[in-house]
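# Coordinate inspection notes
Listed here are the chains, written in short residue letters.
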Amino acid sequence: MALFLTSDNIYKLYNIDPSNKMEGIVILHQQNYSGKEYTENSRVFDGLLLGFMIQGSMKAQIHFTDYELNADDIAVLQPQLMIDTKSLSEDAEIVTIGLSLDFIAAFPILREFVMNRQIRWQPVIRLQPEEIGLQKELIALIQNVYHKNPSPRKTEMLRHLVIVLMCMISEAYSGLADQKNFTKNRTHEIIDDFYLLISQYATQQRSVKFYAEKLHLTPQYLSTFLKQKTGKSVLQWIDHIMILHAKTLLKSTSLSIKQIGHELNFENSSVFCRFFKKITGVSPRTFRNTL
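Anyway, here's the lowdown on the structure attached to this text. (Residues numbered from 1 in each chain as written. Predicted model: local features only at pLDDT ≥ 70, side-chain atom pairs only at ≥ 80, totals over all residues. Heavy atoms only, no water.)

### Re the nonpolar core
Residues Ile169 and Leu222 are the most contacted members of the largest nonpolar core, which totals 91 residues. Leaving out residues up to four positions away in the same chain, Ile169 has contacts with Leu50, Phe52, Ile74, Val76, Phe113, Ile125 and Leu127. (Core = buried A, V, L, I, M, F, W, Y, C linked by side-chain atoms within 4.5 Å. Buried < 20%, exposed > 50% of the residue type's maximum accessible area, 1.4 Å probe, protein only. Contact = heavy atoms within 4.5 Å.)

### Quick notes on the pattern of salt bridges
Side-chain pairing between opposite charges can occur once the charged atoms of the two side chains come close. All chains considered together, the criterion is met by 8 salt bridges. A salt bridge links Asp192 to Arg120, with the shortest nitrogen-to-oxygen separation between them at 3.1 Å. Of this pair, Asp192 sits in helix α7 (residues 186-201) while Arg120 sits in helix α4 (residues 117-121), placing them 72 residues apart in sequence. Given the relative accessible area of 0%, Asp192 is considered buried. Taking the shortest distance from any N to any O, the salt bridge between Asp239 and Arg206 comes out at 2.8 Å. In this pair, Asp239 is assigned in helix α10 (residues 234-252) and Arg206 in the loop between α7 and α8 (208-214), connecting sequence segments 33 residues apart. For Arg206, a relative accessible area of 39% translates into the label partly exposed. (Salt bridge = Lys/Arg side-chain N within 4 Å of Asp/Glu carboxyl O. Helix = DSSP H or I, 4+ residues; strand = E, 2+ residues; numbered from the N terminus.)

Geometric descriptors of this kind do not, in isolation, establish any biological role.
If you want it as structure tokens, here you go:
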């Protein structure tokens, strides 16, 4: 069973100093060494996960496809993508940056990473040789700021540094040809095609039957399959995408809450507000007014 990580529980699960806890961002610096006991497990993060291979190597399965990451490789994991770490070299060193959905919602460039089909198919990338040195310096600076004493501007500084790093990664992807010949197994194909469907139709269609028919599957099979493979049911996935759309509109536009509810095809603003609070625990207005 996958370990579901959130920007809140990850501190406890990885024994991170709670004094470093920040809203929307978490940074892990992990090192392997001879004799260290390693337990293989699956992990799913509810935000955007960036893994930077500082040195050594790692074999992993990301979204049901096998990869080998070597020094200077970057793994970009969109929300809810499963990663299974199979093995680590003795000298493996990895810096991981996790960004919550709330953090993502505030920046359009990050939303592109959440929805981009190419990144789902090619989650491992490497910057150009002349930029790798800059990448290392930037990661070191981000870590130093993350661990520095609390200050009024600390979160804001980290946000700007992370966005610079994300722009570099985005630029690297824009220089790649779309992998049209990517070979997917049936499991990957169903999950990926379903994800693309809900990305397009989640704001209009909440019927399990609709998605099952599009995928030429029975509603029961699709529901059982997704729950087993991703930990979320069809309706939970739809809610997940709806909330992402809602958070993005709340953070990045001046639309009224009534207008956003209409944009997302809710019957009225009251229904939208109840839905949003049920899923997130706060009202749309409270979410919009928080940093």
